[in-house]
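Understanding the architecture of this molecule
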Amino acid sequence: LRAQFGPKRPWRTEIKAQKLSILPNGRIPGVSNADIQIKADSQAASLTLTGSDFVLNAPISFRKPIHVEMIALNAALWPAPTGWAQGYSAEVTDVVLNAPGYDATAFLSIEKNAGELPQFFVTLDVSRGDIAYAGQFWAIDKMPPKVVAWLDTALVRGQTGRARAV
């Protein structure tokens, strides 16, 4: 942890952690084997996350932990031109996921202006996918149980060559 602040200097901080593991707590997911670097000041924040044998544990949303052989991503958060109180923007870029059943890349953008609902833009590209792994991503806290049950019986095996979700 490095921090810099003072009466004549704007504050800045940098946090680095290797092999970080955090247990899930309520709606907040847990992670294992994450290498992170966070840099922040009054104008913006950035996050770089990498990891091998990475695990995302979100028991409220997913039936079991999601294991990823390799993950990498960059994220940034900054205020609206008129300041944090008026809104913010965030992007998660350069997302790469390599796992036993799939390889994927993704991009996420969020814009939130004061008094408005956030606007989301998400792109997910799957270059290789084994349908047998799809069930681990059913959002069980958002999807009706009958839909989850139907998907479990309908999507049992197969391969995707290339897929894109926007």
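Structure: above.
Scope of this entry: the structure provided in the associated data block. Residue positions are given per chain, counted from 1 along the sequence in the order it is written. It should be noted that, the model being predicted, local features are given only for residues of pLDDT at least 70 and side-chain atom pairs only at 80 or more, the latter also being counted only at that level, while totals for whole chains, interfaces and linings use all residues. Note: side-chain values were computed over all heavy atoms of the structure, leaving out hydrogens and water.

When strand β3 (residues 30–41) meets strand β4 (residues 45–57), the two strands line up antiparallel, connected through nine bridges. Among the inter-strand pairings, A40 is bridged to a residue of β4, identified as A45. Joining the antiparallel neighbours β3 and β4 is a turn of three residues. A pair of strands counts as paired when DSSP detects no fewer than two bridges linking them. The way it works is that DSSP assigns letters per residue, a run of H or I at least four long becomes a helix, a run of E at least two long becomes a strand, and they are numbered from the N terminus. Direction of pairing for β4 relative to strand β5 (residues 66–80): antiparallel, over a ladder of eleven bridges.

With that settled, consider unusual backbone geometry. Non-glycine residue K19 carries a positive phi angle of around 55 degrees. Along the chain, K19 falls in strand β2 (residues 9–22). Not every positive phi belongs to a glycine, and N33 is a case in point at roughly 65 degrees. N33 gets classed as partly exposed once you look at its relative accessible area, which sits at 24%. The rule is simple: take the accessible area with a 1.4 Å probe, protein chains only, and divide by the maximum for that residue type; under 20% is buried, over 50% is exposed, in between is partly exposed.

Any Lys or Arg side-chain nitrogen located within 4 Å of an Asp or Glu carboxyl oxygen qualifies as a salt bridge. Inspection of every chain in the model, using the stated rule, returns five salt bridges. The salt bridge partner of R63 is D152, with a shortest N-O separation of 2.7 Å. A residue pair is termed long-range when its members are at least 10 positions apart, and R63 in the loop between β4 and β5 and D152 in helix α1 (residues 145–154) qualify at 89 residues. Under the relative-accessibility criterion, R63 is labelled partly exposed at 45%. A salt bridge links D125 to R164, with the nearest nitrogen and oxygen atoms 2.7 Å apart. With a gap of 39 residues between them, D125 in strand β8 (residues 119–130) and R164 in strand β10 (residues 163–165) connect regions that are remote in the sequence.

Another point: a nonpolar patch on the surface. Exposure above 30% relative accessible area and the lack of any salt bridge qualify a residue for a patch; like charges then connect within 9 Å, and the nonpolar side chains Val, Leu, Ile, Met, Phe, Trp and Tyr within 5 Å. Per-residue accessibility takes into account occlusion by the displayed protein chains alone, with areas from the Shrake-Rupley method and a 1.4 Å probe. Together, L77, W84 and Y88 line one region of the surface with nonpolar side chains, adding up to about 260 Å² of accessible area. Mapped onto the secondary structure, W84 falls in strand β6 (residues 83–99). Residue class for W84 comes out partly exposed when judged on its relative accessible area of 39%.

This brings us to the packing of aromatic side chains. Any Phe, Tyr or Trp ring, taking Trp's six-membered ring, that has another such ring centre within 6.5 Å forms a pair; planes under 30 degrees apart are called stacked, those over 60 apart edge-to-face, and the others tilted. Applying the stated criterion across every chain, the model contains two aromatic pairs. Centre to centre, the rings of Y102 and F137 are 5.4 Å apart; their planes meet at 75 degrees, and the pair counts as edge-to-face. With Y102 in strand β7 (residues 102–113) and F137 in the loop between β8 and α1, this pair connects stretches of sequence that are 35 residues apart. The partly exposed category is assigned to F137, whose relative accessible area is 36%.

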